[in-house]
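Structural features, examined
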Amino acid sequence: MSQVITKDALPTESAVSTPIVAAKKPLAIRIWKERWLYLFMLPGLLYFIIYKYVPMWGMLMAFKNYQPHLGLWASEWVGFRHFERFFTEPEFGMLLKNTVIIAVLDLVIFFPVTIILALMLNEIRKSVFKRTIQTFVYVPHFLSWVVVVGIFYIIFGTEGGIINAILEKLGFGTIDFLTDSEWFRPMIVLQMVWKDAGWGTVIFLAALAGVDSNLYEAASMDGASRWRQLWHVTLPSIRSVIVILLILRLGNFLDLGFEQIFLMVNALNREVGEVFDTYVYRVGMQQGQFSYSAAVGLFKSAVAFVLVLGANWLAKKFGEEGVY
Amino acid sequence: MIESRSLGSKIFDIFNHTFLLLVGLIALLPFVYIVVTSFSATSDLIPTKFTTEAYQYIFSADTFTKSLLVSVFVTLVGTFVQLALSCLMAYSLSHTHLPGRSFFLMMVLITMLFSGGMIPTYFVVQQTGLLNSLWALIIPNAISAFYLIILKNFFQSIPGELKESAKIDGAHELTVLFRIVLPLSLPALAAFGLFYAVGIWNQYFNAILYISDPALYPVQVILRQLIILSSGAIGDSSSIETIPYHGQSIQMAVIVVATLPIIILYPFLQKHFAKGVLLGSVKG
C-alpha cells in the first residue's frame, strides 16, 4: 500500500503557505526560535542520513573492486566493468524474463481479482454478511510471508500434504508443487492472491462507497438492470482509482514480492524463480562478490526509479493528481 | 420500483452470496486446518485424537522459546523506538513555517524513490556495529517514510489555534507536543503502533541478513528453517528421532504459536488498518 500518498506530501507547498510575518525576521532568529523542533527532528534525520543516504554513497562500490579490509576509498576503481559483466551474463536475460513474467501475472490475475472481489462485496446489501466476509478475507494479509509460505509447504507438500493426499486418493498421483519449476509461478500467484487479494479490496470498497447513490436511483428509474448499472455507473465512477492503483503497482513491481520469492526459490526452480534481489543476495551475501552484486542492485534501483517516475507521469497524463 | 427485483437479479444474489461465503472460507480454512491438525495425534486427513504433544515438544526446545523471547523483545522495543522517532520528526515537519522544512521533506521523499540497496546497506549496518545484535532488527528500518508522511499530515490537520493559544500562554514546545498534539492523536498513534508492531513481528529477512548467531534468531527465522529449509529438529538434532509422531505437527504448532499475537491483535488491526490505509489514500 505504500504508494498512495496525498498530494499534501508535495514539498513545494510550504513555500506558498509560509506566513509573510515570519519571513520578515532574519533567518537565524527564525531558526533559533524553532531550535526545539530541530532537536526533535534530529534522531530521525540521523536515521535517514546514516541508513538511507550513506548506502546511496556506498553504491560507489559498484564502480570499484570493493575489498572490505581496504575500505571504500582505497579499493581500486574499475569503472563499468561490473555492469558490462552483468549485461553479458546469461543470468541477466533470465532475471529480466522472470521479473517481467511475475509482474505480468500480478497485473492480469491478482489485480483483476481484487477488483472483482470488491465489486461482488459491494453488491451485498446485508451489512452483517458483508462485514463478516470482509473480516474473513482480511486475515491472511496480516500473516507473515514465512507463515504463508510455511502453510503452503505443509498443505502442498509431497509427504503428508493434504492436497497431494487428496490427489492420490482420486488417482491423479502426487504433484511436486514446491520444487517442480513448472509449478513455481502458479504457486507464487496463488499465494499472492490468498494473502492479499482480500486486503486489496479496501481501497476499492472505499471508492465504491463514495459513488453517488442518486446515480443508481436515476439509472434504475430509466430501467437499467443491475448489470447495466455496474457497467455504466459503478465502473466509470471508480475508473480513476483503478487506473492510478494499476499504474502505481506497475511502478513498484521490481520491489514487489521479494520477501515471498526469496522463500520460494530453491536450487530446483532457480531457472524460473530468481529475480534481481534474490540474485543480489545469493551472489553478494553468499558468494561474497560485493561490488558485482552492488552493481546489479544499482541497476535494479535505477530501473525502479525510472519506473516509479514514469508511472507517476502516466497517472498525471490520465488526469490524476499523481503521487510525487 | 427499485424494490422489485427481476429473477436474474435474485439468481445473481444467491450466486454472489454463495461465492463470497466460499471465498471467506478459503481465506480461513488453511489456517484453521493447521490449528486443528497441530493438536492431532495422527497425521490422517480427519483429526481423531487430541494431543498437545507438539506444543509440549516445541516449548521444551530451548531454541524455540528463546526465539519467541527475541521476537517479543524486538517487537516491543522496536515499536516504541519507531513510534517515538516518527512522532518527533513528523511533529517538527508538521510546522509549515519551519525554515528548511521543504528540504527535509524532500530528503524523506527521495528515500521512497531510490535506495542504496541490500549490499551497501549491509556494510553500513556492519560499520555502525549492529551486526549480530538485536538492534539490527530495529534501527536499520526505524522510520517508514510512508508512515512518517501520513503522520505529518495527520498532525497538520490538528487545528493550529490549539497549539498557538498554548504557546501564547507560555507553553514549551515539549508541553505542546505531549499535552496537546499527542493526546489528540491517540487513535492514529494506536494505528501506527500496530502497523509497526505487525511489521516487526513478521519481518524475517533483516534477521537472515544481519544476524548469524542462532541464539538471536527471531521466531520467523526459526520457522523458516523448520519448514522451508527443513533443517530438522529445533532442539537437539538427535531428539527428533525419539518423537513418536509426525514431525509435521511440530511445524504446525510453531506456525500457530508464531501467529498467535497477530490473531489476538486482529480485531484491533482490522479496525485501525483499514482506516490507516484510507488516511493516506488518494481520495478515499
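Residues numbered from 1 in each chain as written. Chains lettered and ligands numbered in written order. Predicted model: local features only at pLDDT ≥ 70, side-chain atom pairs only at ≥ 80, totals over all residues.

**Some details on the overall build of chain A**
In terms of helices and strands, chain A carries 17 helices and two strands. For 324 residues, the compact-globule estimate of 2.2 N^0.38 gives 20 Å, and chain A exceeds it by more than 25% at 25 Å. In terms of its C-alpha atoms, chain A occupies a principal-axis envelope of roughly 70 × 70 × 35 Å. Residues classed as buried in chain A amount to 35% of the 324 residues present. Sequence separation of 24 or more characterises 66% of the internal contacts of chain A that already satisfy a separation of 6 or more. (Helix = DSSP H or I, 4+ residues; strand = E, 2+ residues; numbered from the N terminus. Rg over C-alpha atoms; globule rule 2.2 N^0.38 Å. Buried ≥ 20, exposed ≤ 12 C-beta atoms within 10 Å, placed from the backbone. Contact = placed C-beta atoms within 7 Å.)

**Considerations on the interface of chain A and chain B**
In this complex, chain A contributes 91 residues to the contact, which on the side of chain B involves 85 residues. It is helix 4 (residues 35–58) of chain A that provides the largest number of residues to the side of chain A that touches chain B, a total of 16 residues.

**Remarks on the packing of helix 17 (residues 290–317) of chain A against helix 5 (residues 118–127) of chain B**
Look at helix 17 of chain A against helix 5 of chain B: their axes get within 7 Å of each other, and the N-to-C directions meet at 125°. When the axis of helix 17 of chain A is compared with that of helix 5 of chain B, the two are oblique. Taken together, the residues of helix 5 of chain B that come into contact with helix 17 of chain A (itself represented by Phe 290, Ser 293, Ala 294 and Gly 297 of chain A) are Met 118, Ile 119 and Pro 120 of chain B. Looking at the contact of helix 17 of chain A with helix 5 of chain B residue by residue, the classes come out as five nonpolar, two polar and no charged. (Axes fitted to C-alpha atoms, helices over the stretch in contact; angles between N-to-C directions. Parallel < 35°, antiparallel > 145°, perpendicular 65-115°, else oblique. Nonpolar A, V, L, I, M, F, W, Y, C, P; charged D, E, K, R; others polar.)

**Some details on the nonpolar core**
Judged by nonpolar contacts, the single largest core of 141 residues is most densely connected at Leu 148, Leu 151, Leu 223, Val 254 and Ile 255 of chain B. Those residues in contact with Ile 255 of chain B that lie beyond four places of it in its chain are Val 147, Gly 150 and Ile 151 of chain A together with Ile 34 and Leu 223 of chain B. (Core = buried A, V, L, I, M, F, W, Y, C linked by C-beta atoms within 7 Å.)

**So, the domain arrangement of chain B**
With domains assigned, chain B is organised as domain 1 (1–38) and domain 2 (53–279). For the side of domain 1 of chain B that touches domain 2 of chain B, the per-class residue count stands at two nonpolar, two polar and no charged. (Domains from an automatic or database assignment.)

**Quick word on helix 4 (residues 101–113) of chain B**
All names here are of chain B. Here helix 4 is 13 residues long and its end C-alpha atoms lie 19 Å apart, about the 18 Å a rise of 1.5 Å per residue gives. Along helix 4, the positions that sit buried rather than exposed are Arg 101, Phe 104, Leu 105, Val 108 and Met 112. In a view along the axis of helix 4, the buried residues occupy a sector of 100°, so they form one face of it. Away from its buried face, by an angle of more than 90 degrees, helix 4 presents the exposed residues Phe 103 and Met 106. (Expected span 1.5 Å × (residues − 1). Arc of directions from axis to C-beta.)

**A closer look at helix 13 (residues 226–251) of chain A**
Residues and elements named next belong to chain A. Roughly 50° is the biggest bend found in helix 13, and it falls at Arg 239. Within the sequence span of helix 13, burial applies to Thr 234, Ile 238, Val 241, Ile 244, Leu 245, Ile 247, Leu 248 and Gly 251. Where helix 13 is buried, its residues contact helix 7 (90–122), helix 11 (184–209) and helix 17. (Bend = angle between axes of the 7 residues up to and from the residue.)

**Focus on unusual backbone geometry**
Residue and element names in this part refer to chain B. For Asn 132, which is not glycine, the phi torsion reads 60° and is therefore positive. Within the secondary structure layout, Asn 132 lies in the loop between helix 5 and helix 6 (145–156). For Asn 132, a count of 14 C-beta atoms within 10 Å translates into the label partly exposed.

**Examining the domain arrangement of chain A**
All names here are of chain A. Here the domain parsing of chain A yields domain 1 (13–80) and domain 2 (82–317). Each partner contributes residues to the interface: domain 1 has eight residues there, and domain 2 has eight residues. When the residues that make up the side of domain 1 that touches domain 2 are grouped by side-chain class, the tally is six nonpolar, one polar and one charged.

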